[in-house]
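Okay, here's what each chain looks like letter by letter:
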Amino acid sequence: MSTKIKFEIEFPIHASPQMLYQYFGTASGLSEWFADNVNSRGEIFTFIWDGSEEKAKVLQERPGEKIKFRWLEQEDEKTFFEFKIEVDEITHDVSLIVTDFADEDEVEESKMFWENQIDELKQTIGAA
C-alpha cells in the first residue's frame, strides 16, 4: 500500500464565509458544483457522478468554518479531504483552503482537479 501525500491549496474567494459554507457544508450546496448530485443521511454524504456513487463520512464539522470528510472506500484511515474557510484579520479577505491526499505521482493531477472544481464553485456563486 503506497502512502498518500497530504497537500493543501488556498483559493481566495470573494464571498462571505457564511455564504461560502453553504456550498460545501450541505449536500444541496455540494451538488451545485462538486458532483452531479449529493445526498446526506446523518454524517454520511453520497456523491454521485455519471451514475457512479461514492460515500464519504463527515469526520469533523464547524459550521461556517470547516468540514472534513473521509471517503469510505479509502483503506487508509488517516486520509481525508477538508474544506476550511480562513478570513484575514486585517484585510478580511476570505480564502478557502482545501486539504486532500493523493499518491505521490498524482499530486499535481489532484491539484488540477481541485483548481477546476473551485473554478466551478466560484462561477456558481458569482465570485469568479
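These figures come from a predicted structure and were not determined experimentally. Chains are numbered independently. Their residues run from 1 in the order of the written sequence. Reporting in this predicted model follows two pLDDT cut-offs: at least 70 for local features of residues, and 80 or more for side-chain atom pairs to be given and counted; totals over whole chains, interfaces and linings ignore these cut-offs and use all residues. Calculated side-chain values reflect all of the structure's heavy atoms, with hydrogen atoms and water omitted.

Draft legend 1. Summary view of the packing of helix H1 (residues 17–25) against helix H3 (residues 107–125). To obtain each axis, a line is fitted to C-alpha atoms, and for helices this fit is confined to the stretch in contact; angles are then taken between N-to-C directions over 0 to 180 degrees. What counts as a helix is a DSSP run of H or I of at least four residues, what counts as a strand is a run of E of at least two, and both are numbered from the N terminus. Close contact between H1 and H3 brings their axes to 11 Å; oriented N to C, the two are set at 125°. By the angle between their axes, H1 is oblique relative to H3. The hand of the H1/H3 crossing is right-handed. Each of Met19, Leu20 and Tyr23 in H1 lies in contact with H3, whose residues at this interface are Leu121, Thr124 and Ile125. For classification purposes, angles smaller than 35 degrees are called roughly parallel, those larger than 145 roughly antiparallel, those between 65 and 115 roughly perpendicular, and all remaining angles oblique. Here a crossing is called left-handed whenever its near helix is offset anticlockwise from the far helix by less than a right angle, and right-handed whenever the offset is clockwise. Contact definition: two residues touch when any of their heavy atoms are within 4.5 Å.

Draft legend 2. View of the sheet that holds strand S5 (residues 66–71). At least two DSSP bridges between two strands are required for those strands to pair. Taken in spatial order, the 7 strands of this open sheet run S1-S7-S6-S5-S4-S3-S2, and their pairing is antiparallel. One side of each edge strand has no neighbouring strand; the edge strands of this open sheet are strand S1 (4–12) and strand S2 (37–41). Going from strand to strand, the sheet's axes swing by 25° on average, the running direction of each strand aside. Together, strand S3 (44–49), strand S4 (52–62), S5, strand S6 (81–87) and strand S7 (94–103) form the strand contacts of H1, whose direction differs from that of S6 by roughly 175°.

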